Amino acid sequence: MIITGAAGVGKTRLAAEVVGGLDVGHFRVARAQATVAAAGLPYGSFAHLLPAESLSGGSAGGLRWAADALCGQNTDGVLVLFVDDLHWLDPASAALVHHLVSSDMARLLATIRTGEQAPALIEALWRDGLLPSLDLEPLSEAETARMLAHAVGGQVEATAAQRLWRITEGNALFLRELVLAGALTEIRGVWRWPGDLPPAPRLYELIRSRIGDVDQDEREALELVAFGEPIGVDLLAGLTSVAAVQRLLKRQIITVVGDRRRRLVRVAHPMYGEAVRGRTGPLRARSRLRRLAEATEATGLRRRDDVLRVAVWRLDSDSVTDPAPLVAACGLAWAARDMDLAIRLGRAALEAGGGVDAAVTLGTLLHFTGRSADSEAALRRVAGEAVTDRERALVAVTRARHLHWGLGRANEAHRVLDDALEALTDLPWRQEVLTVKASCRVLATQCRESLELAARVRAIGPMSPRVAAQVAAVEGQAFAFMGRTERCVSTVDAALATAESWRDEIPDTVAALGFARMMACLFAGDLAEAEASAAGYPELSEPGTWTMGVTMAALRGQICRLRGEVHSAIRWCHDATAGFGDAPAGFAGLCFGELAHAAALGGDVGTAEGALADAERRSLQTHRAADYPAELARPWVLAARGDVAGAIEVALSNAAEARALGMGAFEMFALHDVVRLGAAGRVAGRLAGLAAEVDGALAPLFARHAALAGDGTGLDAVAEEYERLGLTLYAAEAAAQAAAAHEADGHPRRARVSGTHAWTTARRCQGARTPALAKMATPELTSRQREIVQLAVTGLSNREIAERLGLSVRTVGNHLVRAYERLGVSDRTGLADLFGPRPHPPATEV
């Protein structure tokens, strides 16, 4: 076999693993490393395996002699030729390999780099069907995450794995060198990537050797591509030697890609660019960047990304003369979700005299990346420069956001907004200030007040696109928390349909709308749509956007928890909590509360109690609505300790508080917790009322669950409906309660069927432990029955089982019938559902 693939994907390592695993009693290996240096010598790649006289120029250097010399060294076992970099074989060595393989004198295992030409005689082996090939692809994103987790022996933050996959493009060698160089840092049990590439001299030296020697023209062209990529073909041709570019293309150091009607040049791999930029001296680098900026400016900056690229080149070449392009580029980088670059441009714009616009954009970015104190400092710096209504409004709303959401100083935030309202006369900017005031109210659990403020904004007059989008975000979140999920989704979708008119000005609003939509889907019980919402808005989980990054990880954990995937939920929540410092911060209650909830369901009381204490210590009251999951976790932490009675009382208290705050969605979950904990009679009436108030499938189903307590048949139907919605843990609990009800009613057969349903469903919940499941009995089988059942689910017939166990066919059939009766199933399909491969969480998830 020939293993093909790009440099660094692991061809040699894979082949070496195969050779290392061969039985030495049956195989003997002859290893050859083909090289450029040996390509000009006859049998140069096999010189170390042949007697010295074969290379002396005498008559002993023929093909038959070389074959006999290799095969005659040891006649024990099958000869395996292991040839690395087969494309560098000299003609004589290629003929030797062809002769040995085609004559069945040896087996061949070889590697060849993608894009290289194999010797003609080796290609003949392919054509003749004697030599299959394996194309070894780079690692996928999921494979990269699993490899990273295996390498560090722990959980790797999903965004860190994603970013390393992007920069390495799944190249296993590059990935390995970056990890060994310290790309990942462990924080609270989760390995994260701070964002900057670590010094990796071994890797860069390896890349430089891959690039090889370049002449002066080639170096100029390569550096221009590395600093300017992706760079237009015509622009590059005007800056450097076309012949040098063509040589680099032929050597696969750079490549041409299509972008609609444009042809762009890039380095062949992202790490090549890192290596080239790293070895270019500062003076030459600034010269290259200035030339790129000047040439692009001469074209008139026709494209949006030209503005951003030129601003970065000007900044990095110390040739900034005007802060305005930096401010514009900062906004473009933010819209493109490159938060680190946006902040760098924003700081530079502020230092260059960018004034209010620079401070407002930078302040917003700092807030959304978890640096609200720095945001306040930047805005205070320009407070006296705000003289127009636009400037006063922008400074006020930006300060209010980080004071309220980032620092928890609600009263101060509202004073800033009220002062602005008194000073402003321009109606559109008054609308903007009122909208931000409403958004502060909604996260502080004041949903009704936020909707009233939104109505005031509408009453002032027609809204600009940016104000309309922000009002929709406020209303969407309020509707979601109140349980009016259909209204939330329609409001959000209408706003997102107009995103092209406001996205560049207020890109964070996309995340706010997406957050509202995702919450609405969760509250409605549509987990698939909630997950689709997360995937549909990259703004929700972009690594640089700290606030939304941790929030999205926690919400993904919530989806997993509702599905009963307890361990997966815990991993997502560890991802979320690893990003927090020691100070209180927005969304801490959501992230640590979800971790406490999932850990409690998994029976890890210590982790659950610690996470709940962290949620209490780190939460901001200004985020009470988003952080309410911490309250919902409390009953389950108590239940995990064994205090079910106390858990019921806390759940009832949660429901009463949520009702008083007008948050029907959270009240619904709190009341359902009481049902799950075994006190359905105390909440059935109120759940019935909520079924008419809260949109979606969950509220009516929760009400049925409560109303049917003690009705085994009814609870069986409820369990089936939970399962249809993907709420696996709820399904297992309802089935367990159905089994208990059937048993109490004197129906043991029905109890076994429901109990079996509960047992098999709970097996998919990754070890979840709740009071309802604690009473669930494992289906009882004799050792012989279990042995026969396990063989039956593999697909063996009764006769095959009988032959294997030395039993009669009739005995096997009788054992299966008794197993069906005990398990509450009627055929082999039912057995497969119970005893087939048990789902378990993968070692690592993305």
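Each value, and the rule that gives it
- Residues numbered from 1 in each chain as written.
- Predicted model: local features only at pLDDT ≥ 70, side-chain atom pairs only at ≥ 80, totals over all residues.
- Heavy atoms only, no water.
- Helix = DSSP H or I, 4+ residues; strand = E, 2+ residues; numbered from the N terminus.
- Buried < 20%, exposed > 50% of the residue type's maximum accessible area, 1.4 Å probe, protein only.
- Contact = heavy atoms within 4.5 Å.
- Areas by Shrake-Rupley, 256 points an atom, 1.4 Å probe, with all protein chains shown as cover.
- Lys, Arg positive; Asp, Glu negative; His and termini not counted.
- Charge placed at Lys NZ, Arg CZ, Asp CG, Glu CD.
- Expected span 1.5 Å × (residues − 1).
- Patch = residues over 30% accessible without salt bridge, like charges linked within 9 Å, V, L, I, M, F, W, Y side chains within 5 Å.
- Salt bridge = Lys/Arg side-chain N within 4 Å of Asp/Glu carboxyl O.
- Pairing = 2+ DSSP bridges.
- Right-handed = clockwise from strand over helix to strand, strands pointing away.
- Axes fitted to C-alpha atoms, helices over the stretch in contact; angles between N-to-C directions.
- Phe/Tyr/Trp six-rings, centres within 6.5 Å; stacked < 30°, edge-to-face > 60°.
- Parallel < 35°, antiparallel > 145°, perpendicular 65-115°, else oblique.
- Left-handed = near helix turned anticlockwise from the far one by under 90°.
- Nonpolar A, V, L, I, M, F, W, Y, C, P; charged D, E, K, R; others polar.
- Core = buried A, V, L, I, M, F, W, Y, C linked by side-chain atoms within 4.5 Å.

## Topic: the overall build of the protein chain
Next, step 1: Counting its secondary structure elements, the protein chain contains 43 helices and 11 strands.
Next, step 2: Along the longest, intermediate and shortest principal axes, the C-alpha atoms of the protein chain span 100 × 95 × 40 Å.
Next, step 3: For the protein chain, the proportion of its 846 residues judged to be buried stands at 54%.
Next, step 4: Within the protein chain, contacts between residues at least 6 apart in sequence are counted, and of these 66% link residues at least 24 apart.
Next, step 5: Here the protein chain displays about 35300 Å² of accessible surface, and carbon together with sulfur accounts for 51% of that area.
Next, step 6: Taking the 92 positively charged and 101 negatively charged side chains of the protein chain as two groups, their mean positions are separated by 1 Å.

## A few points about helix 29 (residues 588-601)
Next, step 1: Here helix 29 is 14 residues long and its end C-alpha atoms lie 20 Å apart, about the 20 Å a rise of 1.5 Å per residue gives.
Next, step 2: Most of helix 29 sits inside the fold, with 14 of its 14 residues counted as buried.
Next, step 3: Looking at the residues trailing helix 29, positive phi occurs at Gly603, about 85 degrees.

## So, a positive patch on the surface
Next, step 1: Judged by side-chain charge, Arg749, Arg752, Arg818 and Arg822 come together as a positively charged surface patch.
Next, step 2: Residue placement: Arg752 occurs in helix 38 (residues 748-762).
Next, step 3: A residue is classified by how much of its surface remains accessible, and Arg752, at 36% relative accessible area, is partly exposed.

## Quick notes on the pairing of strand 3 (residues 78-84)
Next, step 1: The buried fraction of strand 3 is high, at six of seven residues.
Next, step 2: Sheet analysis places strand 2 (residues 27-33) next to strand 3, joined by seven bridges and oriented parallel. Within strand 3, the position partnered with Val29 by the bridge is Val80.
Next, step 3: Bridge count between strand 3 and strand 4 (residues 107-113): four bridges; the pairing is parallel. Bridge pairing in strand 4 links Val83 to Ala110.
Next, step 4: Where the polypeptide runs from strand 3 across helix 3 (residues 91-102) and back to strand 4, its parallel neighbour, the crossover connection is right-handed.

## Side note on the sheet that holds strand 7 (residues 185-187)
Next, step 1: On the basis of which strands lie adjacent, the open sheet formed by three strands has the order 6-8-7 and mixed pairing. The sheet is open, and its two edges are formed by strand 6 (155-156) and strand 7, each paired on a single side.

## Notes on the sheet that holds strand 9 (residues 231-232)
Two modes of strand pairing occur in sheets, parallel and antiparallel, and in both the strands are linked by backbone hydrogen bonds.
Next, step 1: On the basis of which strands lie adjacent, the open sheet formed by three strands has the order 9-11-10 and antiparallel pairing. Pairing within the sheet leaves two strands with one partner each, and these edge strands are strand 9 and strand 10 (254-259).
Next, step 2: The pairing of strand 10 with strand 11 (residues 262-267) spans six bridges and is antiparallel. Residue Gly258 lies in a different strand from strand 11, and its bridge partner there is Arg263.
Next, step 3: Sheet strands touched by helix 9 (residues 216-228): strand 9, strand 10 and strand 11. Its angle to strand 11, the strand with the most contacts, is close to 105 degrees.

## Topic: the side chain of His742
Next, step 1: Summarising the element assignment, His742 is placed in helix 37 (residues 728-744).
Next, step 2: Apart from the residues within four sequence positions on either side, His742 is in contact with Gly712, Thr713, Asp716, His747, Arg750, Ala751 and Ser754.

## Some points on the packing of aromatic side chains
Next, step 1: With the rule as written, the count across this model stands at 10 aromatic pairs.
Next, step 2: A centroid spacing of 5.9 Å and a plane angle of 25 degrees characterise the contact between Phe481 and Phe666, whose relative ring orientation is stacked. Note that Phe481 is positioned in helix 23 (residues 465-482) and Phe666 in helix 33 (residues 664-676), a separation of 185 residues in sequence. Taken as a pair, Phe481 and Phe666 share a single burial class, namely buried.
Next, step 3: Aromatic pair Phe702 and Tyr730: ring centres 5.9 Å apart, planes at 65 degrees, arrangement edge-to-face. Residue Phe702 is located in helix 35 (residues 698-707), and its partner Tyr730 is located in helix 37; the two are separated by 28 residues in the primary sequence.
Next, step 4: The buried category is assigned to Phe702, whose relative accessible area is 0%.

## Considering the pattern of salt bridges
Next, step 1: With the rule as written, the count across this model stands at 51 salt bridges.
Next, step 2: Linking Arg277 and Glu274 is a salt bridge whose minimum nitrogen-to-oxygen distance equals 3.3 Å. Note that Arg277 and Glu274 are positioned in helix 12 (residues 270-279) at a spacing of three residues, about one turn of the helix.
Next, step 3: For Glu274, a relative accessible area of 23% puts it in the partly exposed group.
Next, step 4: As a salt-bridge pair, Glu609 and Arg641 come within 2.3 Å of each other at their nearest N and O atoms. Residue Glu609 is located in helix 30 (residues 605-618), and its partner Arg641 is located in helix 31 (residues 629-641); the two are separated by 32 residues in the primary sequence.
Next, step 5: Bridged by salt links that share partners, the residues Glu220, Glu223, Arg284, Arg288 and Arg291 form one connected network.

## A short note on the packing of helix 37 against helix 38
Next, step 1: Direction vectors running N to C along helix 37 and helix 38 enclose 160 degrees, while the axes themselves pass 8 Å from each other. As judged from the angle between their axes, helix 37 and helix 38 are roughly antiparallel. In the packing of helix 37 onto helix 38, the handedness of the crossing is left-handed. Taking contact as the criterion, the partners of Thr728, Ala731, Ala732, Ala735, Ala736, Ala738, Ala739, His742 and Glu743 in helix 37 are, on helix 38, Pro748, Arg750, Ala751, Ser754, Gly755, His757, Ala758, Thr761 and Ala762.
Next, step 2: When grouped by side-chain class, the residues that make up the contact of helix 37 with helix 38 number 10 nonpolar, six polar and two charged.

## Quick word on the nonpolar core
Next, step 1: Core analysis: the largest hydrophobic core is formed by 178 residues, its most contacted members being Leu345, Phe481, Phe669 and Tyr722.
Next, step 2: One finds Val156, Ala160, Leu292 and Val310 within the second-largest nonpolar core, a separate group that totals 50 residues.

## Thoughts on the side chain of His414
Next, step 1: Its place among the elements puts His414 in helix 20 (residues 410-423).
Next, step 2: Those residues in contact with His414 that lie beyond four places of it in its chain are His404, Lys437, Cys440 and Arg441.

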